[in-house]
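Residue-level listing of the chains:
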Amino acid sequence: MTRTLIVTGGAGFIGSNFIHTLVSSRPTWKIVNLDALTYAGNLENLTAIERHPGYTFVHGDITRAADVERAFAAARELGGPISVVHFAAESHVDRSIQSGLPFVNTNVLGTQVVLDAARAHKVERFVHVSTDEVYGSLGATGYFTEDTPLAPNSPYSASKAASDLLVRAAVHTFGFPGLITRCSNNYGPYQFPEKLIPLMIANAGEGKPLPVYGDGMNVRDWLYVVDHCEAILAVLERGRLGETYNIGGHNEYPNIYIVKRILAELGQPESLITYVKDRLGHDRRYAIDASKIERELGWRPRFRFEDALPLTVAWYRSQTQWMQRVRNGAYREYYSRQYGS
Ligand code: NAD
Ligand code: DAU
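Residues numbered from 1 in each chain as written. Chains lettered and ligands numbered in written order. Predicted model: local features only at pLDDT ≥ 70, side-chain atom pairs only at ≥ 80, totals over all residues. Heavy atoms only, no water.

Within the chain, the regular secondary structure consists of twelve helices and twelve strands. Over its C-alpha atoms the chain spans a radius of gyration of 19 Å, differing by no more than 12% from the 20 Å that the globule rule assigns to 341 residues. In terms of overall dimensions, the chain has a C-alpha envelope of 55 × 40 × 35 Å along the principal axes. In the chain, which comprises 341 residues, the share counted as buried stands at 56%. The contacts of the chain with a sequence gap of at least 6 include a subset with a gap of at least 24, amounting to 83%. The distance from the centre of the 35 positive side-chain charges to the centre of the 35 negative ones in the chain is 2 Å. (Helix = DSSP H or I, 4+ residues; strand = E, 2+ residues; numbered from the N terminus. Rg over C-alpha atoms; globule rule 2.2 N^0.38 Å. Buried < 20%, exposed > 50% of the residue type's maximum accessible area, 1.4 Å probe, protein only. Contact = heavy atoms within 4.5 Å. Lys, Arg positive; Asp, Glu negative; His and termini not counted. Charge placed at Lys NZ, Arg CZ, Asp CG, Glu CD.)

To continue, consider the sheet that holds strand 9 (residues 219-224). Reading across from one edge, 7-9-11 is the order of the three strands in this open sheet, with mixed pairing throughout. Edge positions in the sheet fall to strand 7 (185-187) and strand 11 (252-254), since each has one partner strand and no second. Averaged over all adjacent pairs, the angle separating strand axes in this sheet is 50°, with direction ignored. Two elements, strand 9 and strand 11, share three bridges in a ladder whose sense is antiparallel. Each residue of the ladder has a partner; that of Asp221, found in strand 11, is Glu252. (Pairing = 2+ DSSP bridges. Axes fitted to C-alpha atoms, helices over the stretch in contact; angles between N-to-C directions.)

Taken in spatial order, the seven strands of this open sheet run 3-2-1-4-5-6-10, and their pairing is parallel. Sheet topology places strand 3 (55-59) and strand 10 (244-247) at the edges, where each strand pairs with a single neighbour. Put simply, the sheet's adjacent strands are angled 20° from each other on average, direction ignored. Here four bridges tie strand 6 (residues 178-183) to strand 10, and the two strands are oriented parallel to one another. Within the sheet, the bridge partner assigned to Ile180 lies in strand 10 and is Thr244. Its contacts with the sheet place helix 7 (residues 225-238) against strand 1 (4-8), strand 4 (82-86), strand 5 (126-131), strand 6 and strand 10, and it is angled at close to 140° to strand 5.

One pass over the structure, following the stated rule, counts 20 salt bridges. Among the salt bridges present, the one from Arg70 reaches Asp67, with a minimum N-O distance of 3.4 Å. Of this pair, Arg70 and Asp67 both sit in helix 2 (residues 65-78), separated by three residues, roughly a single helical turn. Through salt bridges with shared partners, a single network forms among Arg240, Glu243, Lys292 and Glu296. (Salt bridge = Lys/Arg side-chain N within 4 Å of Asp/Glu carboxyl O.)

What follows is about the nonpolar core. Counting residues in hydrophobic clusters, the biggest one holds 71 residues, and the most contacted among them are Phe18, Val85 and Ile293. Broken down by element, this core gets its largest block of residues, eight residues, from helix 7. Core analysis: the next-biggest nonpolar cluster, separate from the first, contains 24 residues, Ile6, Phe72, Ala117 and Val123 among them. (Core = buried A, V, L, I, M, F, W, Y, C linked by side-chain atoms within 4.5 Å.)

A few words on the packing of helix 6 (residues 196-205) against helix 10 (residues 305-318). In helix packing, the relevant descriptors are the interaxial angle and the interaxial distance, both defined with respect to the helix axes. Where helix 6 meets helix 10, the axes come as close as 10 Å, and the angle between the chain directions of the two elements is 55°. In terms of axis orientation, helix 6 runs oblique to helix 10. Considering the relative orientation of helix 6 and helix 10, their crossing is right-handed. Two secondary-structure elements touch here, helix 6 through Ile197, Pro198, Ile201 and Gly205 and helix 10 through Leu309, Thr312, Val313, Tyr316 and Arg317. Per-class residue counts for the contact of helix 6 with helix 10 are six nonpolar, two polar and one charged. (Parallel < 35°, antiparallel > 145°, perpendicular 65-115°, else oblique. Left-handed = near helix turned anticlockwise from the far one by under 90°. Nonpolar A, V, L, I, M, F, W, Y, C, P; charged D, E, K, R; others polar.)

Helical geometry: 3.6 residues make up each α-helical turn, so side chains three or four residues apart lie on a common side. With 14 residues, helix 2 should cover 20 Å at 1.5 Å per step; its first-to-last C-alpha distance of 20 Å lies within 8% of that length. Regarding helix 2, the residues found buried are Asp67, Val68, Ala71, Phe72, Ala74 and Ala75. Buried residues of helix 2, seen end-on, are gathered within an arc of 155° and therefore sit on one face of the element. For helix 2, exposure combined with an orientation more than 90 degrees from the buried face picks out Ala65, Ala66 and Glu77. (Expected span 1.5 Å × (residues − 1). Arc of directions from axis to C-beta.)

Right, let's talk about the side chain of Arg327 for a bit. By secondary structure assignment, the location of Arg327 is in the loop between helix 11 (320-326) and helix 12 (329-339). Residue classification places Arg327 among the buried residues on the basis of a relative accessible area of 13%. Each residue touching Arg327, except ones within four places of it in the same chain, is listed here: Pro193, Ala202, Asn203, Glu206, Lys208 and Arg332.

This is how it looks when you write it as structure tokens:
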């Protein structure tokens, strides 16, 4: 079935990968990408598909109702019922610790603006892309299920939890056709090099210190971005309205293990590892129970970490110009604010 889809935040890391997935697996679909092009948004991520006949870009901010309305007008012109996949957000925990307001503005206010427009336009389906961080932190054992109580610990995760609750409220109050996904840490092409894996690849490639927070033993569950995009597509097409689906990669590793793997992949020495001051309020461990999406929608990750990490390292090594352009003056300013050099 052909769909008309508004993708918010489609110029970011996961959003751009999602649009690539759609163009190759659902070539007849119409896609409207609404993105404000913040520091994390990059149209270069979409160069390969920008001439695809079903693709339209709308430059706009989700906190502005008039901008969101322009995206819906563009989707209306394409015809057919409209669905929304909502990625747009401020996404980096360390930046939220530096300053929380942009997170409340985009993630909370912006989500309500998009929800109001989506309801007024009677969308068919609305997938809200959230995160496992809304559940807080785990001890040495156990997994987050969809029933784990929300206990966000950072300004970022608190703003995402608030946006989840706004979607929940729209479902409950108005019978809104919303669905929520909560996934673990993504990695792969087009990720902005403020996040662990691309930051470490970039620094290691240049023989610079690799800043590991605390004791390096915090655990994340790594999910290759292509697997995540396929899971979102499954939820969009076949998820039960009003439901939440956890998405995970079954790849729990301490940060120090990831960093050592990257160094080994690049043939660089472990002496580059530098233990630095821990992240404030640093969540110790995330682990996802993804049995619901596996059981109900038949989704499972296709990529093994041992294969997809080298693919990711190779991608960044081949994209020297992309890397150079995204690590511009604003990036350097952020880097020195965060790491002090
Ligand atoms: P990203 O930071 O790479 O991209 C965010 C995109 O949203 C950018 O293109 C940016 O320009 C756009 N954007 C930001 N503010 C906007 C605004 N006010 N109006 C319109 N566009 C705006 O983020 P990402 O890593 O691709 O994450 C996408 C979504 O997935 C987010 O909602 C995030 O919370 C969620 N998520 C990410 C991960 C991960 O590991 N990266 C894991 C779980 C959930
Ligand atoms: O779990 C899903 C979340 O994963 C998403 O909701 C967020 O949008 C995404 O940014 C990510 O959050 P994390 O905080 O887990 O990712 P980050 O890459 O920032 O950090 C991963 C781990 O690595 C974390 O324990 C902190 C550590 N770290 C990170 C950086 C940037 C370091 O030790 N050094 C660093 O320089």
